[in-house]
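Secondary and tertiary structure notes
Below, each chain spelled out in residue letters.
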Amino acid sequence: MPNLSTKILDHIVHLTPPGSVEKASDEFRELGFTVLPGGTHTGGLTANALVVLADGVYLELISFTHPPSYYPPGSPGRQTRESHRWASKPLGWIDFAFLGNGSLTTDRISDIINERARKEGSGVAYAPESAGGRQRPDGKVLEWVISAPVSGSRGTLPFFCGDVTPREWRVPSNPPSVEHPSTVQGILHVLVLTSRDTFSSLSLQLTSVIGTPPISTTDTEVTWQLEAVHKKKGGPKLILKTVETEREASHVQNVGTGIFEVAFATESKEGSASTPYGKIVWTPAP
């Protein structure tokens, strides 16, 4: 029977400039992560590398293989590149994915969420599933199914990635792949910032997607308990928050609603850091 959960955190997407996967990999290694080679996605527009955590969640370090100017004006390649869902995204933490069930027919994630949203009146809408994949450097071809919110909601609402081929082909999860010099063990939280104008409606929409009520709610912050692929005590949280500081206000004004911060559970490391384009928090696990 397909997995029907809609709250298992699968991965978080970090975008860097075209052709910069190797450079981004080196930068994340300097931050204390073990980085694995990924591959080129079907169609050749994007390539990635992976940071896999012990809880099964991973970071996808992604970049376009070429800038739009690489493709002749008016060509199919140029049109495809410019219409890509991440083509106009600012660099940094741009999206996040929950684990789907790989079904294109029965028990589709889009049907589950759309029916839930209809009953709750939240206005969430997910598009019909589409097939995806990539080829690893060793030649192995990976296949999956994507369930995504309708245009305009990517990065605000999660998309779902459901494996057709075994997930371990996509996400190597055995030591030493999940061992990191920074002692990172897993994800503590993903923090999404939004304006006060959209806070209430987005909170309702995320509840429809996740399928369970928040574990805490205030006038400025809502928190949901998620699950990790490899269930650990506690598990990651998704936090939706309105802006409070100048830095947060600047982020929403310049980037829009989306991921502001990713917090990691560690054995000992604490504090905060930045990728060249995003914020990281280290917190020793309780």
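Scroll up to find the structure.
Figured I'd write up the structure that's included with this text. (Residues numbered from 1 in each chain as written. Predicted model: local features only at pLDDT ≥ 70, side-chain atom pairs only at ≥ 80, totals over all residues. Heavy atoms only, no water.)

1. Things to note about the overall build of the protein
When helices and strands are counted, the protein shows 6 helices and 16 strands. Its C-alpha atoms give the protein a radius of gyration of 18 Å, within 12% of the compact-globule value 19 Å for 286 residues. Dimensions along the principal axes, computed over C-alpha positions, put the protein at roughly 45 × 45 × 45 Å. Here the protein holds 286 residues, and 52% of them are scored as buried. For the protein, the share of sequence-separated contacts (at least 6 apart) that also reach a separation of at least 24 residues comes to 63%. Total accessible area on the protein is roughly 12,800 Å²; 52% of this is exposed by carbon and sulfur atoms. For the protein, the distance from the average position of its 26 positive side-chain charges to the average position of its 29 negative side-chain charges is 2 Å. (Helix = DSSP H or I, 4+ residues; strand = E, 2+ residues; numbered from the N terminus. Rg over C-alpha atoms; globule rule 2.2 N^0.38 Å. Buried < 20%, exposed > 50% of the residue type's maximum accessible area, 1.4 Å probe, protein only. Contact = heavy atoms within 4.5 Å. Areas by Shrake-Rupley, 256 points an atom, 1.4 Å probe, with all protein chains shown as cover. Lys, Arg positive; Asp, Glu negative; His and termini not counted. Charge placed at Lys NZ, Arg CZ, Asp CG, Glu CD.)

2. Structural notes on the sheet that holds strand E11 (residues 221-225)
With respect to topology, 7 strands assemble into an open sheet ordered E10-E11-E13-E9-E14-E16-E15, the strand pairing being mixed. Since the sheet does not close on itself, it has two edges, and those belong to strand E10 (216-217) and strand E15 (271-274), each with one partner. With 6 bridges joining them, strand E14 (residues 258-266) and strand E16 (residues 279-284) adopt parallel strand pairing. Along E16, the bridge assignment pairs Ala-265 with Thr-283. Set on the sheet, helix H5 (residues 196-210) makes contact with strand E9 (184-194), E11 and strand E13 (237-242); between it and E13 the angle comes to about 160 degrees. (Pairing = 2+ DSSP bridges. Axes fitted to C-alpha atoms, helices over the stretch in contact; angles between N-to-C directions.)

3. Section: the environment of Lys-7
In this structure, Lys-7 sits in the segment before strand E1 (8-15). Since its relative accessible area comes to 19%, Lys-7 is described here as buried. Through-space distance from the C-alpha of Lys-7 to that of Gly-74 is 41 Å; in sequence the pair is 67 residues apart. Discounting residues that sit within four places of it in the chain, Lys-7 has contacts with Phe-98, Ile-210, Thr-212, Gln-225, Leu-226 and Glu-227.

4. As for the pattern of salt bridges
Should their charged atoms come close, side chains of opposite charge can pair. This structure, assessed with the given rule, holds 13 salt bridges. Here Arg-170 ties to Asp-10 by a salt bridge, and the two come within 2.8 Å at their closest N and O atoms. Linking Arg-170 in helix H4 (residues 167-170) with Asp-10 in strand E1, this pair joins segments that are 160 residues apart in sequence. Each of the two residues, Arg-170 as well as Asp-10, counts as buried. In the salt-bridge network here, residues are joined through shared partners; they are Asp-10, Asp-163, Arg-167 and Arg-170. (Salt bridge = Lys/Arg side-chain N within 4 Å of Asp/Glu carboxyl O.)

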